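# Examining the three-dimensional arrangement
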Amino acid sequence: MTERNLSLASETDEYNYREYFRATQTATWGFLMALPLIILYELGIVWVNNGRSEVIRISSESVLKNLFSGFGLAHELILLGSVLIIGVAILIYERKKKISFNVRYSVWVMIESAAYGVILAFVVSGITQMLLSPLMISQVMDHGLAMKLVLSLGAGIYEELLFRVVIVGGFFLLLRLAFPKQRILMYAVAAVIGAISFSAVHHLGSLGDPWALDVFLYRAIFGLVFNILFLVRGFAVVAWTHALYDVMVVTGFFSLLQSI
């Protein structure tokens, strides 16, 4: 290969990377990458709860679905329909951005998200360890592996929708109305509120974790990191990072890395 061909190949690769990052930051790709998580979780949660006397689901999912509980048995279909309508609206609204729909991008998003999951786990764990005591990142609910995997996917989609989009996004918009010239500061305040809420919800309810300051702090810091990741890389990457991180926790992947 000639020097000119190498230069052209390098420029093409650089363009592809730039286009990948630009495209996957958009709400359009956030919606497209959310769909497989929603489908896998909804099908999986029905399967793993089959025969159980008490149905187990993600608490954040219940919060979102309770917004539509007044519609009776049809409220879950109404929520799904609302998600699809919003998704179509996003696709229409962002047409002018000329977003690339390269199938390879979906694989790249999952690889990028898995890498963030590994890096963030040890960075956040290290910060928590410096501030308090060492954290057992393998601490998870005492359910079967299939249930844990399905709940991991649900956490990626529903917790990110609730905390990153609804809570952080909602507080940010409200604060911007009160302080229109303080955009960065208002996002930081909203991010802190979202991170504290994200951590606190894991200790609520009958299935919540027992109170432990190091665990609470660990999740709060993770919530802040997720807020930054959401701001920089968009919903697609943060949802898959969260889901794949949880999958790696419940499968013992991090424990394996620590033993190497």
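Not measured: the values here are computed from a predicted model.

Right, let's talk about the overall build of the protein chain for a bit. Helix and strand counts for the protein chain come out as ten helices and zero strands. Of the regular secondary structure in the protein chain, the N- to C-terminal order runs α-α-α-α-α-α-α-α-α-α. In the protein chain, which comprises 260 residues, the share counted as buried stands at 41%. Contacts spanning at least 24 positions in sequence make up 76% of the contacts within the protein chain whose residues lie at least 6 apart.

All right, on to the side chain of Glu42 then. Here Glu42 lies in helix 2 (residues 27-48). At 2.6 Å, the side chain of Glu42 forms a polar contact with the side chain of Tyr158. Sequence-distant contacts of Glu42, defined by excluding residues within four places in its chain, comprise Arg57, Glu61, Lys65 and Tyr158.

Enumeration according to the criterion identifies five salt bridges in this entry. The partner of Glu94 in a salt bridge is Lys97, with the nearest N and O atoms 3.2 Å apart. The exposure class assigned to Glu94 is buried, which follows from its relative accessible area of 7%. For Lys97, a relative accessible area of 38% puts it in the partly exposed group. As a salt-bridge pair, Glu112 and Arg233 come within 2.7 Å of each other at their nearest N and O atoms. Note that Glu112 is positioned in helix 5 (residues 103-131) and Arg233 in helix 8 (residues 213-233), a separation of 121 residues in sequence. Note on accessibility: Glu112 and Arg233 belong to one class, buried.

The gaps of empty space that remain are located by a probe, the size of a water molecule, rolled over the atoms. As a volume, the largest pocket reaches approximately 1200 Å³. Contributing elements (two or more residues each) for the lining of the largest pocket: helix 2, helix 3 (59-66), helix 4 (75-93), helix 6 (145-178), helix 7 (183-201) and helix 8. Looking at which element gives the most residues to the lining of the largest pocket, the answer is helix 6, with ten residues. Split by residue class, the lining of the largest pocket holds 26 nonpolar, eight polar and seven charged.

This part covers the confidence of the model for the protein chain. Chain-level statistics for the protein chain give a pLDDT mean of 81 and a share of 80% at 70 or above. Within the protein chain, the lowest mean pLDDT, 66, falls on helix 1 (residues 3-24), and the highest, 93, falls on helix 9 (residues 235-250). For residues 4-9, every residue scores under 50 in pLDDT, and the model assigns this stretch one contact once sequence neighbours within four places are set aside. Note that pLDDT drops below 50 for residues 134-140; the model gives that stretch 18 contacts with residues more than four away or on any other chain.

Attention now goes to the side chain of Glu159. As for its placement among the helices and strands, Glu159 is situated in helix 6. No salt bridge is formed by the buried Glu159; the nearest opposite charge belongs to Arg164, separated by 6.1 Å. Beyond its immediate stretch of four places on either side in the chain, Glu159 contacts Ile58, Ser60, Gly154, Arg164, Phe198, His202 and His242.

Applying the stated criterion across every chain yields a total of 14 aromatic pairs. For the pair Trp29 and Tyr105, a centre-to-centre distance of 5.9 Å together with 50° between the ring planes defines the contact as tilted. Taken together, the positions of Trp29 in helix 2 and Tyr105 in helix 5 put the pair 76 residues apart, joining distant regions of the chain. Neither Trp29 nor Tyr105 differs from the other in exposure class; each is buried. Ring centres of Phe198 and Phe226 lie 6.1 Å apart, and the angle between their planes is 80°; on these two criteria the pair is classed as edge-to-face. One end of the pair, Phe198, is in helix 7; the other, Phe226, is in helix 8, and 28 residues separate them in sequence. In terms of burial, Phe198 and Phe226 fall into one category: buried.

Here is what the cut-offs are and how they apply
- Residues numbered from 1 in each chain as written.
- Predicted model: local features only at pLDDT ≥ 70, side-chain atom pairs only at ≥ 80, totals over all residues.
- Heavy atoms only, no water.
- Helix = DSSP H or I, 4+ residues; strand = E, 2+ residues; numbered from the N terminus.
- Buried < 20%, exposed > 50% of the residue type's maximum accessible area, 1.4 Å probe, protein only.
- Contact = heavy atoms within 4.5 Å.
- Polar contact = N/O pair within 3.5 Å; in protein donor to acceptor, adjacent residues only side chain to side chain.
- Salt bridge = Lys/Arg side-chain N within 4 Å of Asp/Glu carboxyl O.
- 1 Å grid on protein atoms, 1.4 Å probe; cavity = no way out; pocket = protein on both sides within 12 Å on 5 of 7 lines; lining within 4 Å.
- Points joined across faces, edges and corners; volume = space filled by probe spheres on them.
- Nonpolar A, V, L, I, M, F, W, Y, C, P; charged D, E, K, R; others polar.
- pLDDT = per-residue confidence, 0-100.
- Lys, Arg positive; Asp, Glu negative; His and termini not counted.
- Phe/Tyr/Trp six-rings, centres within 6.5 Å; stacked < 30°, edge-to-face > 60°.

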